[in-house]
Amino acid sequence: MSCDELRPKLSWYLDGELPQAELEAVREHLAACRACAAEVAELRACDEEIGAALEGVRPSRGFAAKVVAASGARRPRWVFRLAAAAAALILCLAGGSSLYVNSLEASPLQVLLHGTERFHADSMGALRVFVRNGQSRLPIASASVRILLAGREVGSWRTGPAGTIDGGFRVPDVADGTWPLAVEVDSPVGKDVIRRSVTVTREVRLLVTTDKPVYQPGQTVRLRALALNAFTLKPRAGDAVFEVHDSKGNRILREPAKLSEFGIGSLELPLADEVNLGTWRVRVDASGVVQERAIEVAKYALPKFKVDLELDRPSYRPGDAVKGTVRAAYFFGKTVRGRVLARVGAETLTGELREDGSWEFQAPAPAAEGLIKVEATVTDTADHRETKATGAHVSRESFRVTLYPEGGQIARGLENAFYLIAAYPDGRPAKAEIALEVNGAALTMTTDELGVARMAVKAPYLIRLDRARDAAGSETRVLRDLRESSSSTDLLVRLDKASYRAGETMSVEVLSTAPGPVYLDVVKGGQLLLTRVLDGAKTEIDLPPDLFGTIQLLAYRDAGAAPAVRVAHVGVPEGLSIRPRAAKEAFRPGEEMPVEFEVVDKDGKPVQAALGISVVDEALFGLVESKIASEKAWLSLAPELLDTRGFLQADPRAIFGGPNADAQRFVSANARARALPRLAETPWAARLAALRERVRSFNERFLTLAKASAVIVVLGLLVALFGAPLLDLLRRVRDSQFSGMLVLFLGVLSIGSLLIGSVLGFHGVVFIFSALLVAFLAHGVYSTGWWFLRGNAAAGLGSLVLGFAALLFAAQFTVGRSVGDSLLPLDAPAAAPEKGAGFEARMREIRRYRSEERLESSPRSEAPGPSIVAGAPRAEAAPVMKETGGAREPARVREWFPETLFWQPQLITDEKGRARLTLPAADSITSWRLMADAIARSGALGSQQARLRVFQDFFVDIDFPVALTKGDRVHVPVAVYNYLPEPQSVAVRVERQPWFELLDGERKTVALKAGEVGVAYFGLRVRESGRKALTVHAEGKTADAIRRTVEVFEKGREVPISVSERIRGRKAFAFEIPANAIEGASVVFARIAPPKGDLLEGLEGMVRLPGG
Amino acid sequence: MERQAFERLVREHQEMVFCVAYSHCRDRAAAEDVAQEAFLKAFRAADEMKEPARMKTWLYSVARNGAVDWVRRRRHERPGGVPDRAAEAPPPAEERAGRVLAVLDSLQEDHREIMLLRYVKGLSYAEIAKAAGSTVGAVGEKLHRIREAVRRKLRLEVES
């Protein structure tokens, strides 16, 4: 080993690290080389030096323990971690809740609900729902709307571009009363539920009928009440109370009755022989709805034939020729032969009836204006006399011209249609040439046959009548303007017709001066039925089958604005047809008359129905011109239009053909319409204010709490760090790696959110930034707690204080700024007009519905009219008595002469709509008027009249006066009717009776030609009073016999004696009958009334009597 | 940092950290203060320390900074007045020890560590290599250089 090899190994050698082999080599070399040995010695000395130098450089014993103690690491640290985490959590919750509350916004959704408070159960209904942004007032499309009535969902819709829903619903069939209505709206900007209560009713419409309008004492009054739901016209079962008051106001009867499932109740009241004559009142009360009907109770004799008197015109000018026609016919159908006496004012004319029973006359009208009476008296060949009178106007006044704006209203800035109606005072239309000045320009028009001319004038207008001249040359310069000045609109509703039938399509045109959607509501009887939004000018409304009556169309542009109105009439849907079929064309007295009924609906399908049938002597209607109003019209017309008959006709111009009063009434009906009331709306402003208040109070409390905790924390920290030199603190904060970053970050965040938030008002961005801020802050607090734990409290203090400040700032910043003031256009996309899938689908549905309807309606055949089918053999020919010597069979005595032959208030047909009756023909030779009305369960109505003729070609009749008086000497005419095809000589014989003595022979002979009516007089002296019968036999080629009764009065003075007392159990009354009383003429009537009722009844009577 | 871990750290490095502090302060009490402060700093910063392996180095530098600060403060407190203890003529043994410490202070980090492990702790080459993350060969080389440096220093002193 050389010296150079050795040197690097010296350290190893000195430290004893050389392996054994090398160690030997080194030792050998050192022993040999002195230089190397010296170097080793030097290094050893150096080692010793180092060892000596480092010997004392050691920390004292216990140094390590001291350091560990000073570090404070001995405390259990999880408590502090937990505390820090809790602090962070609390801060998070506090910050989060503050941000959440401050971010709350009142939804701008506003729902306006317009409509009617009252709904009719089980009918069509609708509500006008406006969904809009309450701030911008822009409509919200595609919002879902659900309507719940009485807890049931009646429908759900989506709003269209105008923010409304189109559509009606079915009002649930719930009991009458107050029910909750809820409208739930779910829109892109929020949800809302509007609640309020509405009334559901079933209004009753009552129809009270009697078998006839006039009664004699002793006859039976038959009453029938038909109760229908006023809105749907469906029959209404229930209870009713019938009351009958006599002419002096005494209540004769009060009786409850059940209304059947067809809404029918009935009552029969037999009249006593002694009753107060005059006008009686029948009252029926069903569910509080009272209907009254007047009936006459009188003593009368039925006429033998009917006289008609017709004038060519209802009014005449002085000196005009009054032309008239008189017609007379027996009730059994044959014409009357005889004399006529006519009076026209002061003029008297006479003549003979022609073969066909008619006679024409002509007389000049008087010179004076006023009403003239025209009267015709016909005396037949049997000396029976009947009179008919009528009246006519005599007026010098020429025709009138009336200006009538369509719909009754004037629409500003639009071409309004005007009707010029020229009519005579009696309402007859005048064909006239009318010269006008319209807005300064001259215009000449000619009215048509209906007296109507139409022109279009832009409002405002000035129309002046220059002159109007009719065909006869009379002129007028007066123009009546029917405009309602108070009602002018900027919308005009125009219909294609004024009157529709249910099931038709109504074309509605709304003319407007401004663009934008127009709302169209259909209202009937105070109930909203349909709602529409019109984008264009025109819409078509399919009138559903249960929409009928007088409907109003309201058009308006703003919710709650005064609407433009148009009234239209929808006729009652095709009702029931009744087809009565009698077995024969004519029956013989005493024969059975089988009658079959078949009830079919408008499509000709049989339907089960309840029939009300009365069969009354036609002669009675000759006695009283009964006004039988059309039931259908009565049921479907609103009260204000009840008398407007012209309105029912299909041609709108016909409305004006009638008396002008109709048009005036029509105008008033229009003017009366008002905007739909607002039912409810979202209390948007109040809701907003409430939310603001809530947030404000939250922030107030939050800030108080935060300030208090901030003070506590700061104070605590100050106390904890009391005494620490400020410089040291700052230096340590500077040294901390994290606090600086955090502070910077928080600062940037706060400033950033402040800038963005305040400049843009972007609440959402503020919210996001603030949420980030809170998250970092929470982390900061956690870290601060950690630092604090490890003794570097000062480092955390800065971030903690800054964090608190930032949080307070964030909370302060958002207060009062976020709520409701958001500029974020949340609803902007929704407001954009869009025709969504729903809209298109609905349009398709409508189109499909229409095409289906067309298909359905085309093959509908005309229902055949009712008829009475004649039986195969004509049974008119009476069995001819064979004169083959021997004993002739005595003719049956005809003695049953009822006025009402048959009365059946409710005859229910079978499922196939069929019913069968067999009526016994009375002994009257007359025509019976069979009146049938039908009601089906669906509410469909129908009525029909038919005639049942009872006839034989040879008969006699006694022509009694109304009454006789004892001791009278009278010649009673006995008419002999010969309708045999050959002349005959008739022997007429009176049966002797004890109540009279004959003044001449009991047998008379009358010679009659074919078709002739003759008369035989029998002189009688009346010997007894009371109801007496006279029997007459007639024998010619055939035989007939008749027995009629007459009332014979006593000849004397009536002395009434009345006693009234309270009775209990037995009670004896004593009457003193005057000594000179006529024998057998005294009558006692007793009337017993219940204790409480009698006073009332008496009072009623007193109040009603003239003079109390 | 856990208590046990910290205690281990202190026991492992107390001599060397003290040495580093002492080499500047030349005052046992002050060196102990500085060393303690360095350990406490390490304790606080332990969790944020990205490379625990560098703890040693960090500890030494903190200790040296602390010691330098201490010396500087002392000088400000007694500017030229009371003479520095080091400035007084020390006994020869102490003077030679000071020279050794000066060499120690001037050494590179790894050399100093190896030197302390060898002379203060008396570890074998294998132990030193394991503690310092080195090889036995490198340890021997480094010790050789350290010895040369000390010898040169002491020889220079003698010559001067």
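Here the structure is shown first, and the text comes after it.
Residues numbered from 1 in each chain as written. Chains lettered and ligands numbered in written order. Predicted model: local features only at pLDDT ≥ 70, side-chain atom pairs only at ≥ 80, totals over all residues. Heavy atoms only, no water.

**A closer look at the overall build of chain B**
Helix and strand content of chain B: seven helices and zero strands. When each of the 160 residues of chain B is scored for burial, the buried share is 43%. When contacts within chain B are restricted to residue pairs at least 6 apart in sequence, long-range pairs at least 24 apart make up 59% of them. In the form shown here, chain B has an accessible surface area of approximately 8,600 Å², with 49% of it arising from carbon and sulfur atoms. (Helix = DSSP H or I, 4+ residues; strand = E, 2+ residues; numbered from the N terminus. Buried < 20%, exposed > 50% of the residue type's maximum accessible area, 1.4 Å probe, protein only. Contact = heavy atoms within 4.5 Å. Areas by Shrake-Rupley, 256 points an atom, 1.4 Å probe, with all protein chains shown as cover.)

**Digging into the overall build of chain A**
Per the secondary structure count, chain A includes 17 helices and 62 strands. Among the 1108 residues that make up chain A, the fraction classed as buried is 47%. Here the contacts in chain A between residues at least 6 apart in sequence split such that 69% fall between residues at least 24 apart. In the form shown here, chain A has an accessible surface area of approximately 54,200 Å², with 54% of it arising from carbon and sulfur atoms.

**Points about helix α3 (residues 20–32) of chain A**
Relative to the 18 Å expected for 13 residues at 1.5 Å per residue, α3 of chain A spans 19 Å between its end C-alpha atoms, a close match to the ideal helical length. On its buried face, α3 of chain A is in contact with α1 (3–6), α2 (10–14) and α4 (34–55) of chain A. (Expected span 1.5 Å × (residues − 1).)

**Observations concerning the pairing of strand β36 (residues 491–495) of chain A**
Successive residues of a regular strand alternate their side chains across the two faces of the sheet. Residue and element names in this part refer to chain A. For β36, a buried count of five out of five residues is recorded, marking the element as mostly surrounded by other parts of the structure. Taken together, the five bridges between β36 and strand β38 (residues 505–512) define a ladder with antiparallel strand orientation. By the bridge assignment, arginine 494 is partnered in β38 with glutamate 509. (Pairing = 2+ DSSP bridges.)

**A few points about the sheet that holds strand β20 (residues 321–330) of chain A**
Residues and elements named next belong to chain A. The strand order across the open sheet built from three strands is β18-β20-β23, with neighbouring strands paired in antiparallel fashion. The open sheet has two edge strands with one neighbour each: β18 (305–311) and β23 (358–364). Shown here is a sheet whose adjacent strand axes are inclined to one another by a mean of 20 degrees, direction ignored. (Axes fitted to C-alpha atoms, helices over the stretch in contact; angles between N-to-C directions.)

**Looking at the interface of chain A and chain B**
Counting from both sides, the interface comprises 37 residues of chain A and, opposite them, 45 residues of chain B. At the boundary of chain A with chain B, total buried surface from both sides reaches about 3,900 Å², with 60% on carbon and sulfur atoms. The tally of links between chain A and chain B comes to six salt bridges. Notably, a salt bridge pairs arginine 151 of chain B with glutamate 42 of chain A, separated by 4.0 Å at the nearest N-O pair. At the surface where chain A touches chain B, the tally comes to 11 residue pairs in polar contact (both at pLDDT 80 or more). Looking at the side of chain A that touches chain B, the elements with two or more residues in it are α2, α4, α5 (63–71) and α12 (737–760) of chain A. (Buried area = accessible area lost by both parts, 1.4 Å probe. Salt bridge = Lys/Arg side-chain N within 4 Å of Asp/Glu carboxyl O. Polar contact = N/O pair within 3.5 Å; in protein donor to acceptor, adjacent residues only side chain to side chain.)

**Here we look at the sheet that holds strand β19 (residues 315–316) of chain A**
Residues and elements named next belong to chain A. Pairing is mixed across the open sheet formed by five strands, whose spatial order is β19-β25-β24-β21-β22. With partners counted over all chains shown, the strands left at the sheet margins are β19 and β22 (347–352), one partner each. Two strands pair when backbone bridges link them, and β19 and strand β25 (residues 385–394) are joined in this way by two bridges, in the parallel orientation. Paired with tyrosine 316 across the two strands is valine 394, which belongs to β25.

**Some points on the packing of α5 of chain A against helix α2 (residues 28–45) of chain B**
Two elements in contact, α5 of chain A and α2 of chain B, have axes whose closest approach is 10 Å; the angle formed by their N-to-C orientations is 45 degrees. In terms of axis orientation, α5 of chain A runs oblique to α2 of chain B. As for the relative orientation of α5 of chain A and α2 of chain B, their crossing is right-handed in sense. On α2 of chain B, the residues that touch Phe63, Lys66, Val67, Ala70 and Ser71 of chain A of α5 of chain A are Glu32, Ala35, Gln36, Phe39, Leu40 and Phe43 of chain B. For the contact of α5 of chain A with α2 of chain B, a count of residues per class yields seven nonpolar, two polar and two charged. (Parallel < 35°, antiparallel > 145°, perpendicular 65-115°, else oblique. Left-handed = near helix turned anticlockwise from the far one by under 90°. Nonpolar A, V, L, I, M, F, W, Y, C, P; charged D, E, K, R; others polar.)

**Some remarks on the packing of helix α1 (residues 3–25) of chain B against α2 of chain B**
Residue and element names in this part refer to chain B. Closest axis-to-axis distance for the α1/α2 pair is 8 Å, and the angle between their directions is 135 degrees. Taken as axis vectors, α1 and α2 run oblique relative to one another. Judged by the sense of rotation from one axis to the other, the crossing of α1 with α2 is right-handed. Contacts between α1 and α2 involve Phe6, Leu9, Val10, His13, Gln14, Val17, Phe18, Ala21, Tyr22 and Cys25 from the first element and Arg28, Ala30, Ala31, Glu32, Val34, Ala35, Ala38, Phe39, Leu40, Ala42 and Phe43 from the second. Considered class by class, the residues forming the contact of α1 with α2 number 17 nonpolar, two polar and two charged.

**Points about the packing of aromatic side chains**
The relative placement of two aromatic rings is captured by the distance of their centres and the angle of their planes. Residues and elements named next belong to chain A. What the rule picks out here adds up to 21 aromatic pairs over all chains. On the basis of an interplanar angle of 85 degrees and a centroid distance of 5.7 Å, the ring pair of phenylalanine 305 and tyrosine 330 is categorised as edge-to-face. With phenylalanine 305 in strand β18 and tyrosine 330 in strand β20, this residue pair connects regions lying 25 residues apart in the sequence. Here phenylalanine 305 and tyrosine 330 have matching classes, each one buried. A centroid spacing of 5.7 Å and a plane angle of 85 degrees characterise the contact between phenylalanine 332 and tyrosine 977, whose relative ring orientation is edge-to-face. (Phe/Tyr/Trp six-rings, centres within 6.5 Å; stacked < 30°, edge-to-face > 60°.)

**Some remarks on α1 of chain B**
Residues and elements named next belong to chain B. With 23 residues, α1 extends only 29 Å from end C-alpha to end C-alpha; this falls clearly short of the ideal 33 Å at 1.5 Å per step. Of all the bends found along α1, the most pronounced is centred on histidine 13 and spans about 55 degrees. A positive backbone phi angle near 55 degrees is found at arginine 26, which sits one or two residues after α1. (Bend = angle between axes of the 7 residues up to and from the residue.)

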